[in-house]
Amino acid sequence: MEISFVAGFGPITRDADAARSFWGDGLGIALEAPAPGYLTSDDLEGVKAFALWPLAQAAQSTFGAPDWPGDVPTPQAWIEFDVASVGAVSEAVAELAAKGHRLLKGATEEPWGQTTARLLSPEGLLVGVTFTPWMHPGA
């Protein structure tokens, strides 16, 4: 098998209202309902990286320690949404916090040069709002 690209990714939702609020209102993804209860967007650009991220590394990057805190639901997957600049990450953090979303990590420059902020979706996805310089030619 030769995989060409990631065709789609999304959470399996349990609470439709919480999901729409987080993904649509919180992150600003324009969602359509082509079938009852099924929300989708075909307007986001594709995945630039697919990785199997060990939980200890995700914990280290998010909380500064290799153990995931017991009082925070353990994520089953991760997804990152890249924005146009480092400043846009900070703006997104402020916007998400103003909408009542609990951030696990504010905008921080990682040792590898990416700026990240992280939060959990209602479905338990570790969501990053990021600026990845090498993915923005000319940035």
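Okay, so let's go over this structure. The structure displayed is predicted, hence computed values, not measured ones. (Residues numbered from 1 in each chain as written. Predicted model: local features only at pLDDT ≥ 70, side-chain atom pairs only at ≥ 80, totals over all residues. Heavy atoms only, no water.)

### Topic: the packing of aromatic side chains
Rules: Stacked, tilted and edge-to-face are the three classes assigned to paired rings of Phe, Tyr and Trp, where Trp is represented by its six-membered ring and a pair needs centres within 6.5 Å; plane angles under 30 degrees give stacked, over 60 edge-to-face, the rest tilted. Per-residue accessibility, obtained with a 1.4 Å probe over protein chains only, is compared with the maximum for each type, and a residue is labelled buried under 20%, exposed over 50%, and partly exposed between these values. Labels follow the DSSP assignment, with helices taken as runs of H or I lasting at least four residues and strands as runs of E lasting at least two, numbered in each case from the N terminus.
Within this structure, the stated rule accounts for four aromatic pairs. Ring centres of F22 and W23 lie 5.0 Å apart, and the angle between their planes is 80°; this geometry places the pair in the edge-to-face category. Taking relative accessible area as the criterion, W23 reaches 8% and is therefore assigned buried. Ring geometry for W53 against W78: centres 5.9 Å apart, planes inclined by 75°, an arrangement best described as edge-to-face. In this pair, W53 sits in the loop between β2 (38-40) and α2 (55-63) while W78 sits in strand β3 (residues 77-82), placing the two residues 25 residues apart along the sequence. Using a relative accessible area of 26% as the deciding quantity, one classes W53 as partly exposed. Each member of the aromatic cluster is reached from another via a ring pair, and the members are F22, W23 and F81.

### A few points about the environment of F9
Counted only if it meets this: By definition, residues are in contact when any of their heavy atoms lie within 4.5 Å.
Mapped onto the secondary structure, F9 falls in the segment before α1 (16-26). Taking C-alpha positions, F9 is 9.8 Å from G46, a pair spaced 37 residues apart along the chain. With sequence-adjacent residues up to four places away left out, F9 is seen in contact with A77, W78, I79 and L125.

### Focus: the side chain of T62
Let me state the cut-off plainly: Within 3.5 Å is the distance limit for a polar contact, defined as a pair of N or O atoms, with the added protein rule that one can donate a hydrogen and the other accept it, and that residues adjacent in sequence qualify only through two side-chain atoms.
With respect to the secondary-structure elements, T62 resides in helix α2. Side-chain polar atoms of T62 contact the side chain of R118, separated by 3.5 Å. Beyond its immediate chain neighbours, meaning those up to four positions away, T62 contacts W68, L104, K105, R118 and L126.

### Digging into the pattern of salt bridges
To keep it simple, the criterion reads: For salt bridges, the criterion is a side-chain nitrogen of Lys or Arg within 4 Å of an Asp or Glu carboxyl oxygen.
In total, this model carries three salt bridges according to the counting rule given. When the shortest N-O distance is used, the salt bridge between K105 and E110 registers 2.4 Å. A single burial state applies to K105 and to E110, both of which are buried. Here E110 ties to R118 by a salt bridge, and the two come within 3.6 Å at their closest N and O atoms. Of the two residues examined, E110 and R118, each falls in the buried class. One salt-bridge network, in which partners are shared between bridges, spans K105, E110 and R118.

### Observations concerning the nonpolar core
This is how the line gets drawn: Put simply, buried Ala, Val, Leu, Ile, Met, Phe, Trp, Tyr and Cys residues joined by side-chain atoms within 4.5 Å make one nonpolar core.
Counting residues in each nonpolar core, the largest one holds eleven residues, listed as A19, F22, W23, I29, I79, A92, L96, L119, L125, V127 and V129. Contributions of two or more residues to this core are made by α1, α3 (86-98) and β6 (125-131). Setting aside its immediate chain neighbours within four residues, V129 contacts L27, F81, V83, V89, A92, L96, T115, T116 and A117. With seven residues, the next largest nonpolar core counts A58, V72, L104 and L120 among its residues.

### Considerations on the environment of A94
Secondary-structure assignment places A94 in helix α3. A relative accessible area of 47% means that A94 is categorised as partly exposed. Sequence separation between A94 and R20 is 74 residues, and the spatial gap between their C-alpha atoms is 20 Å.

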